[in-house]
Amino acid sequence: MTPDERIDRIRGDHWIAFDRATIALNRLTSLMEMPQQSRMPGLMVYGSSGIGKTMIAKRMASKYPTQYNAELGATKTPILLVQAPPAPDERRFYQHILATIGAPMWGRHTVSELEVRALSHLRDMDLRMLMIDEVHNLLAGSYREQRRFLNMLRFLANDLCASLVVFGVNEALEAVRGDDQLARRLDEHYLPLWTDDVEFSRLIQTLIAAMALEQRSGLTVASLRTILKVTGGITSRVFIMIKSLASDAIETGEERITDEAVQAWQPVWTKHAWSIPRQPVATFG
């Protein structure tokens, strides 16, 4: 593999597992393996922006892909991952679900019509888990609109006998807790910012190992603390920084990330925006 190919691979998408991600995925997997019942438990995964919520959601969805049964002529989708609309709008949410599963409804339809069509398709798909990313978008609406949107999510989970999993920033937690019935159904899984501890050290070691450099990096504690300070303990920025340093190491022929490189690295986040992971089979971010 040429240096350019190696750099392209670093810049590309590939899943890197580590303890924090694995713990969250294990909780989600346990929900999937739970026997179906009328009131399925759910989960809210929350934390700061960029901490890794979306990548957990995408990775989980990738573990249970859509399957087509040619004999029955039916498509089964165990998990559906959709993004919440920019505001708590039931119409837009149902339209987004229908578009995501490839069954859009053209023209003007009532919310009830969209709901019936969406539920019909989801039942046919044998849906087991409905995952809603960016649920904090509901905060853009009034209190009344938020309550209606949360009621709708609870209704969907009840009607489909599916686990509801929502992902959002810290501020969304109180909004979800405001719906007592929904809050009782959703356990909470918090993803904190990284701190100066053994877990963060393991994260950096795992990331550097995944870069497949030819020489061992062996960063000092001071460099780890610099990475933590520069990134603010935000997962996506940690990934951006390590990927950038690894690419530089290949370009220069150094083949390792040095303490000097860490100290000299400049956090131009907009310049490196391409490094933010996007796919479920990709880098965690």
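Residues numbered from 1 in each chain as written. Predicted model: local features only at pLDDT ≥ 70, side-chain atom pairs only at ≥ 80, totals over all residues. Heavy atoms only, no water.

## Here we look at the domain arrangement of the protein chain
Thought 1: Each assigned domain of the protein chain is listed with its residue range as follows: domain 1 (3-15 + 194-268) and domain 2 (34-190).
Thought 2: Distance from the C-alpha centre of domain 1 to the C-alpha centre of domain 2: 35 Å.
Thought 3: The interface of domain 1 with domain 2 comprises 6 residues on the first partner and 6 residues on the second.
Thought 4: Each partner contributes to the roughly 450 Å² buried at the junction of domain 1 and domain 2, and carbon and sulfur atoms together form 65% of this total. (Domains from an automatic or database assignment. Contact = heavy atoms within 4.5 Å. Buried area = accessible area lost by both parts, 1.4 Å probe.)

## Some thoughts on the packing of helix 9 (residues 198-210) against helix 10 (residues 221-231)
Thought 1: With their axes 11 Å apart at the nearest point, helix 9 and helix 10 run at an angle of 90° to one another. By the angle between their axes, helix 9 is roughly perpendicular relative to helix 10. In contact with Phe200, Ser201 and Ile204 of helix 9, helix 10 contributes Leu224, Ile227 and Leu228.
Thought 2: Grouping the constituent residues of the contact of helix 9 with helix 10 by class yields 5 nonpolar, 1 polar and no charged. (Axes fitted to C-alpha atoms, helices over the stretch in contact; angles between N-to-C directions. Helix = DSSP H or I, 4+ residues; strand = E, 2+ residues; numbered from the N terminus. Parallel < 35°, antiparallel > 145°, perpendicular 65-115°, else oblique. Nonpolar A, V, L, I, M, F, W, Y, C, P; charged D, E, K, R; others polar.)

## Some points on the packing of aromatic side chains
Thought 1: Summed over all chains, the structure comprises 6 aromatic pairs.
Thought 2: Plain terms: the ring middles of phenylalanine 18 and phenylalanine 239 are 6.4 Å apart, the flat faces sit at 40° to each other, and that makes the pair tilted. Taken together, the residues span a long stretch of sequence, with phenylalanine 18 in the loop between helix 1 (3-11) and helix 2 (19-32) and phenylalanine 239 in helix 11 (residues 235-252) at a distance of 221 residues. When sorted by exposure, phenylalanine 18 lands in the same class as phenylalanine 239, which is buried.
Thought 3: A centroid spacing of 6.3 Å and a plane angle of 50° characterise the contact between tryptophan 194 and phenylalanine 200, whose relative ring orientation is tilted. Accessibility classification places tryptophan 194 together with phenylalanine 200 in one group, the buried group.
Thought 4: In this structure an aromatic cluster arises from ring pairing among Phe18, Trp194, Phe200 and Phe239.
Thought 5: Sitting over the face of the ring of tryptophan 194, arginine 20 holds its NZ or CZ atom 3.6 Å from the ring centroid.
Thought 6: One cation-aromatic arrangement involves arginine 147 over tyrosine 143; the distance from NZ or CZ to the ring centre is 4.7 Å. (Phe/Tyr/Trp six-rings, centres within 6.5 Å; stacked < 30°, edge-to-face > 60°. Buried < 20%, exposed > 50% of the residue type's maximum accessible area, 1.4 Å probe, protein only. Lys NZ or Arg CZ within 6 Å of the ring centre and 35° of its normal.)

## A closer look at the pattern of salt bridges
Thought 1: Enumeration according to the criterion identifies 13 salt bridges in this entry.
Thought 2: Glutamate 214 is the partner of arginine 6 in a salt bridge, and the nearest nitrogen-oxygen pair spans 3.7 Å. Taken together, the residues span a long stretch of sequence, with arginine 6 in helix 1 and glutamate 214 in the loop between helix 9 and helix 10 at a distance of 208 residues.
Thought 3: The salt bridge partner of glutamate 188 is arginine 177, with a shortest N-O separation of 2.8 Å. One end of the pair, glutamate 188, is in strand 7 (residues 186-191); the other, arginine 177, is in helix 7 (residues 172-177), and 11 residues separate them in sequence. (Salt bridge = Lys/Arg side-chain N within 4 Å of Asp/Glu carboxyl O.)

## Quick look at helix 4 (residues 90-100)
Thought 1: Inspection of helix 4 places Glu90, Phe93, Tyr94, Ile97 and Leu98 among the buried residues, and these make up the whole buried set. Looking straight down helix 4, one finds its buried side chains confined to an arc of 135°; they lie on one side.
Thought 2: Near the N-terminus of helix 4, the side chain that reaches the backbone nitrogen of arginine 91, with its oxygen 2.9 Å away, is that of aspartate 89.
Thought 3: After helix 4 finishes, the residue glycine 102 shows a positive phi value of roughly 80°. (Arc of directions from axis to C-beta. Polar contact = N/O pair within 3.5 Å; in protein donor to acceptor, adjacent residues only side chain to side chain.)

## Focus: helix 2
Thought 1: Here helix 2 contains 14 residues, and its C-alpha end-to-end distance of 20 Å stays within 8% of the 20 Å for a straight helix at 1.5 Å per residue.
Thought 2: What helix 2 keeps buried is the set Arg20, Ala21, Ala24, Leu25, Leu28, Thr29, Leu31 and Met32. Here the buried residues of helix 2 occupy an arc of 165° about the axis, which is enough to place them on one side. (Expected span 1.5 Å × (residues − 1).)

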